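Read off the chains here:
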Amino acid sequence: MTILLADDDPVTLESLAACLQPEGFRTLLARDGAEALVLWQKHRPDLLCLDIMMPGVDGYEVCRRVRAEDATVPVLFISAKSEEIDVVVGLRLGADDFVRKPFGKHELIARIGAALRRSQAVKSSASGFQLGPLRVLPAELRAQRDAESMDLTPREVSILKLLHERAGQVLSRDVLLDVCWGLEYMPESRTLDQHIAKLRKKIERESEEIIETVRGVGYCWRGQG
């Protein structure tokens, strides 16, 4: 599989490549956002790892342009920017994960592996399912509601699929994180809450609760569909 790495620091770029190449990944190296977009258009890699602060075209803009054409390719931000707003902006643009610098080699490989597995699982799942008024179409990475269509990320599909499969059960944060993020690493509970909040804005209408919050425990879908 091919991974596009974009970072304006050549030392970081080479270090990332040195981590991934022994694991069998082919790497494409971009020194800025503009070069990353050129390489993405030419090679269509299986995953993108983007620094945020790059000259000219930053990582956010690269993600925005990629998502405008491809809703399925996993995008990971790797950045020293670690404020909550930085993570929120990245998730709203459609990123699948946010890795804070400094990070360990094994953590990075685990997160990349988890993102690739989620993406492949979504692509191989052709059948849709009903979540109340919402028709979720995993293979198309979108949900349909009346005449309205909403784009979804692979992780958002994973969350909705788990809620549907375990309808009526209250899913703890640990269960959601283990299934939808993977057992290899432990994202913060806040990461899950941010994803749920973003997902709700997409799929729920005013005064509606498809995803129910069970305070102090986790989340649940209680409906039928």
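Refer to the structure above for everything that follows.
Calculation notes
Residues numbered from 1 in each chain as written. Predicted model: local features only at pLDDT ≥ 70, side-chain atom pairs only at ≥ 80, totals over all residues. Heavy atoms only, no water. Phe/Tyr/Trp six-rings, centres within 6.5 Å; stacked < 30°, edge-to-face > 60°. Helix = DSSP H or I, 4+ residues; strand = E, 2+ residues; numbered from the N terminus. Buried < 20%, exposed > 50% of the residue type's maximum accessible area, 1.4 Å probe, protein only. Contact = heavy atoms within 4.5 Å. Axes fitted to C-alpha atoms, helices over the stretch in contact; angles between N-to-C directions. Parallel < 35°, antiparallel > 145°, perpendicular 65-115°, else oblique. Left-handed = near helix turned anticlockwise from the far one by under 90°. Nonpolar A, V, L, I, M, F, W, Y, C, P; charged D, E, K, R; others polar. Pairing = 2+ DSSP bridges. Right-handed = clockwise from strand over helix to strand, strands pointing away.

1. A word on the packing of aromatic side chains
According to the stated counting rule, one finds 2 aromatic pairs in the structure shown. Pairing F77 with F98 gives two aromatic rings, centres 6.3 Å apart and planes at 50°, and the pair type is tilted. Taken together, the positions of F77 in strand β4 (residues 75–79) and F98 in strand β5 (residues 97–100) put the pair 21 residues apart, joining distant regions of the chain. Assessed through its relative accessible area of 7%, F98 is described here as buried.

2. Looking at the environment of A71
Among the structural elements, A71 can be located in the loop between α3 (59–69) and β4. Measuring from C-alpha to C-alpha, the distance between A71 and A110 comes to 22 Å, with 39 residues separating the pair along the chain. With near-sequence residues (within four places) excluded, A71 lies in contact with L141, L152 and P154.

3. Points about the packing of helix α2 (residues 33–43) against α3
Where α2 contacts α3, the two axes come as close as 10 Å, and the packing angle between them is 20°. With respect to their mutual orientation, α2 and α3 come out roughly parallel. In terms of crossing hand, the pair formed by α2 and α3 is right-handed. Contacts from G33, A36, L37, W40 and Q41 in α2 reach V62, R65, V66 and E69 in α3. Partitioning the contact of α2 with α3 into residue classes produces 5 nonpolar, 2 polar and 2 charged.

4. Overview of the pairing of strand β2 (residues 26–30)
Taken together, the 5 bridges between strand β1 (residues 2–6) and β2 define a ladder with parallel strand orientation. Counted as the bridge partner of A6 is A30 from β2. In the classification by handedness, the crossover that spans β1, the intervening helix α1 (residues 10–20) and the parallel β2 is right-handed.

5. With respect to unusual backbone geometry
Trans peptide bonds make up the majority, and among non-glycine residues the majority have a negative phi. For R44, which is not glycine, the phi dihedral falls at a positive 45°. Here R44 is to be found in the loop between α2 and β3 (47–50). With a relative accessible area of 38%, R44 lands in the partly exposed category. In the Ramachandran plot, D146 falls in the positive-phi region, its phi being about 55° despite a non-glycine side chain. Relative to the assigned elements, D146 resides in the loop between β8 (142–145) and β9 (148–151).

6. Focus: the sheet that holds β4
Spatially, β2-β1-β3-β4-β5 is the arrangement adopted by the 5 strands of the open sheet, whose pairing is parallel. Pairing within the sheet leaves two strands with one partner each, and these edge strands are β2 and β5. Taking each pair of neighbouring strands and ignoring which way they run, the sheet shows an average axis angle of 20°.

7. Focus: the sheet that holds strand β12 (residues 218–220)
Within a sheet, neighbouring strands are paired by backbone hydrogen bonds and run either parallel or antiparallel to one another. Pairing is antiparallel across the open sheet formed by 3 strands, whose spatial order is β10-β12-β11. Each end of this open sheet is capped by a strand with a single partner; those strands are β10 (171–172) and β11 (212–214). Where β11 lies against β12, 3 bridges are found, and the strand directions are antiparallel. Bridge pairing in β12 places E212 opposite C220.

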